[in-house]
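Results of the structural survey
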Amino acid sequence: MRFDRTSKGEFHDDPQLFSQTNQNEGVSMVTSIMKSSRAIVALVAIVAVTFALLWVGCSNEPQSPISPSAAVQQQGGTLSKSSPQLQAVMAVQNRHTDRLLAIRGVVGTATGLTDEGKLAVKIYTVERGAEAALPQTLEGVPVVVEATGAFFALQSADDKGVRGDAKGGGATKINPTARFVRPVPIGVSTGNEGECSAGTIGARVKSGTKVYALSNNHVYALENKAPIGSSVLQPGRYDVGCALIPSDAIGTLSAFVQIQFGGSDNTVDAAIAVSSTGNLGNGTPSNGYGVPSSTTVVEFVGQPVQKYGRTTGLTKGKVSGINATVNVDYGSSGVARFVGQIVVSGNKGPFTKAGDSGSLIVTNDSSTNPVGLLFAGSSNGTAIANKIGDVLSAFNVTIDGK
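Residues numbered from 1 in each chain as written. Predicted model: local features only at pLDDT ≥ 70, side-chain atom pairs only at ≥ 80, totals over all residues. Heavy atoms only, no water.

Here we look at the overall build of the chain
On a plain count of helices and strands, the chain comes out with five helices and 23 strands. When burial is assessed residue by residue, the chain has 49% of its 402 residues classed as buried. Considering only contacts within the chain whose residues lie at least 6 apart along the sequence, 67% involve residues at least 24 apart. Of the roughly 18,300 Å² that the chain leaves accessible, carbon and sulfur atoms contribute 53%. (Helix = DSSP H or I, 4+ residues; strand = E, 2+ residues; numbered from the N terminus. Buried < 20%, exposed > 50% of the residue type's maximum accessible area, 1.4 Å probe, protein only. Contact = heavy atoms within 4.5 Å. Areas by Shrake-Rupley, 256 points an atom, 1.4 Å probe, with all protein chains shown as cover.)

This is the structure in structure tokens:
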């Protein structure tokens, strides 16, 4: 693959620009021009326009929709999703994503910011040192390379190997991996009866008079393999020594969005299980963020967010990338490509670990508006989330919140 880089043009004085056939007339002409400020301005303008036309005609790189040095346009401290600059950078990212993902070690792209706060295309890699093989700019837009590690579906399961901390609880007094008195809170251990695994209850959602537990496909539907009507448990079997305890059931699998493997685009990793208000509450444990709002919001770069999950409990971070396209490893099931995703980085330490799959990501304020559904992450704690609007639309449900 070839990446073109734009070089800086330089002006050089050319003594041959003036004819030497009549030196005296030439000197007189130059003297006259130098005495006229208007003529000087006109001459400079002609030279500049001529050079610009030559530069455009000779350049083999697509013309940039945004200057590399353009600062982020902000409204109230946030970058507007309708910003023409942002839309232009996302378009650049989309045009180059397929070629970038074909490079060994590249696992994703997104639109984000440089350390200086300028719009940039982000490239996620498995290891450090990949910068030498990657472009510094794309169509004039800065490129930021982040060595996140590979992205995995964040479920704790014996048959897949634990990718991260599966013990849960951390330093919190409440252990999200424990069995909770019914109705159980959201943000705690859950899973399908058919596998010794554990993920997280994201939220209670509703449609008409029915309520459902929301989590990921790979938590509740076992990567497309679990039958509709199979029991959904709290806690997940992984957290009770792989035992199958019928009384742990809080509902049954109702619907899921198929995960497509082999290169097709996915937008959500999600499933719902029909439950009841007697079995399922709509708020986190007392050391969490509480009850999420029923009003969702659209993600933006730099957005402060938080989540409560089965493994790491309450963690806080910010949206560091939007419009992400990532390759997610599902172990024996294969690799799935997801588009239009949200990337979240932790404020202090990892935002997520294995077992947090299914966590609802909400705004880090008293409104706690839902933003995304966490489903994947990397070894350094970077999280990947579906847009919550896409998830809810897939099942025609709403958040059952405040």
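A look at the packing of aromatic side chains
A complete count under the given rule lists four aromatic pairs for this structure. An angle of 85 degrees between the planes, with centres 5.5 Å apart, marks the rings of F261 and Y330 as edge-to-face. One end of the pair, F261, is in the loop between β14 (249-256) and β15 (265-266); the other, Y330, is in the loop between β18 (313-329) and β19 (335-346), and 69 residues separate them in sequence. On the basis of relative accessibility, which here comes to 26%, the residue F261 falls in the partly exposed class. The exposure class assigned to Y330 is buried, which follows from its relative accessible area of 0%. Taken together, the ring pairs in this structure connect F261, Y330, F338 and F375 into an aromatic cluster. When the ring centre of F351 is taken as origin, the NZ or CZ atom of K307, which lies over that ring, is 5.6 Å away. (Phe/Tyr/Trp six-rings, centres within 6.5 Å; stacked < 30°, edge-to-face > 60°. Lys NZ or Arg CZ within 6 Å of the ring centre and 35° of its normal.)

Quick look at unusual backbone geometry
Between R182 and the following residue, P183, the backbone shows a cis peptide bond with an omega angle of 0 degrees. Along the chain, the position of P183 falls in the loop between β8 (156-157) and β9 (189-192). P235 follows Q234 through a cis peptide bond whose omega is 0 degrees. Inspection of the secondary structure assignment puts P235 in the loop between β13 (231-233) and β14. Phi is positive for L222, which is not a glycine, with a value near 55 degrees. Structurally, the position occupied by L222 is in the loop between α4 (217-220) and β13. L222 gets classed as buried once you look at its relative accessible area, which sits at 10%.

Let's talk about the environment of A394
Among the structural elements, A394 can be located in helix α5 (residues 388-395). Since its relative accessible area comes to 42%, A394 is described here as partly exposed. Separated by 126 residues in sequence, A394 and V268 have C-alpha atoms that sit 8.5 Å apart.

A closer look at the confidence of the model for the chain
Detailed reading of predicted coordinates is not advised where the pLDDT is low. Mean pLDDT over the chain stands at 82; residues scoring 70 or higher make up 76%. With pLDDT under 50 throughout, residues 1-78 is counted as low confidence; its partners more than four residues away or in other chains account for 62 contacts. Here residues 158-172 is a poorly scored stretch, pLDDT under 50, and it has 37 contacts once near neighbours within four places are set aside; other chains count. (pLDDT = per-residue confidence, 0-100.)

A look at α5
Here α5 has its buried residues at I388, V391, L392 and F395. With its buried residues spanning 90 degrees around the axis, α5 presents them on a single face. Residue N396 follows α5 closely and has a positive phi angle near 55 degrees. (Arc of directions from axis to C-beta.)

Section: the pairing of strand β3 (residues 106-113)
The side chains of a regular strand alternate between the sheet's two faces. Taken across its eight residues, β3 has seven buried, putting it largely inside the fold. With seven bridges joining them, β3 and strand β4 (residues 119-125) adopt antiparallel strand pairing. Bridge pairing links T111 to V121 in β4. In this antiparallel pair of consecutive strands, β3 and β4, the connection spans five residues, and G117 shows a positive phi of 85 degrees. Two strands pair when backbone bridges link them, and β3 and β18 are joined in this way by three bridges, in the antiparallel orientation. Residue pairing in the sheet places G108 in a bridge with V326 of β18. (Pairing = 2+ DSSP bridges.)

Details of the environment of L138
Looking at the secondary structure, you find L138 in strand β5 (residues 137-138). Considering only alpha carbons, one finds L138 and A120, 18 residues apart in sequence, at a separation of 9.1 Å.

Points about the nonpolar core
Grouped burial of nonpolar side chains is what soluble globular proteins tend to show. Among the nonpolar cores identified, the biggest contains 36 residues, and I201, V205, L214, Y220 and V391 are the most heavily contacted of them. The set of elements that each furnish at least two residues to this core consists of β11 (203-207), β12 (210-215), α4, β14, β16 (271-274), β20 (360-363) and α5. At four residues, α5 tops the list of elements feeding residues into this core. Counting residues in hydrophobic clusters, the runner-up holds 28 residues, among them L100, V106, V305 and I342. (Core = buried A, V, L, I, M, F, W, Y, C linked by side-chain atoms within 4.5 Å.)

A word on the pattern of salt bridges
In total, this model carries ten salt bridges according to the counting rule given. R337 serves as the salt-bridge partner of D98, at 3.0 Å between the closest nitrogen and oxygen. One end of the pair, D98, is in helix α3 (residues 84-101); the other, R337, is in strand β19, with 239 residues separating them in the sequence. A salt bridge links D400 to K206; the shortest N-O distance between them is 3.9 Å. Within this pair, whereas D400 is found in the segment after β23 (398-399), its partner K206 is found in strand β11, the two being separated by 194 residues in sequence. The class for D400 is buried, based on a relative accessible area of 11%. The class for K206 is partly exposed, based on a relative accessible area of 35%. (Salt bridge = Lys/Arg side-chain N within 4 Å of Asp/Glu carboxyl O.)

Some thoughts on the side chain of K307
By secondary structure assignment, the location of K307 is in strand β17 (residues 304-309). For K307, which is buried and forms no salt bridge, the nearest opposite charge comes from D356, at a distance of 4.0 Å. At 2.8 Å, the side chain of K307 and the side chain of T315 are in polar contact. Polar contacts involving the side chain of K307 include one to the main-chain carbonyl oxygen of F351, which spans 3.5 Å. If we skip the residues at most four places from it in the chain, K307 touches Y289, T312, G313, L314, T315, F351, D356, S359, L360, I361 and L374. (Lys, Arg positive; Asp, Glu negative; His and termini not counted. Polar contact = N/O pair within 3.5 Å; in protein donor to acceptor, adjacent residues only side chain to side chain.)

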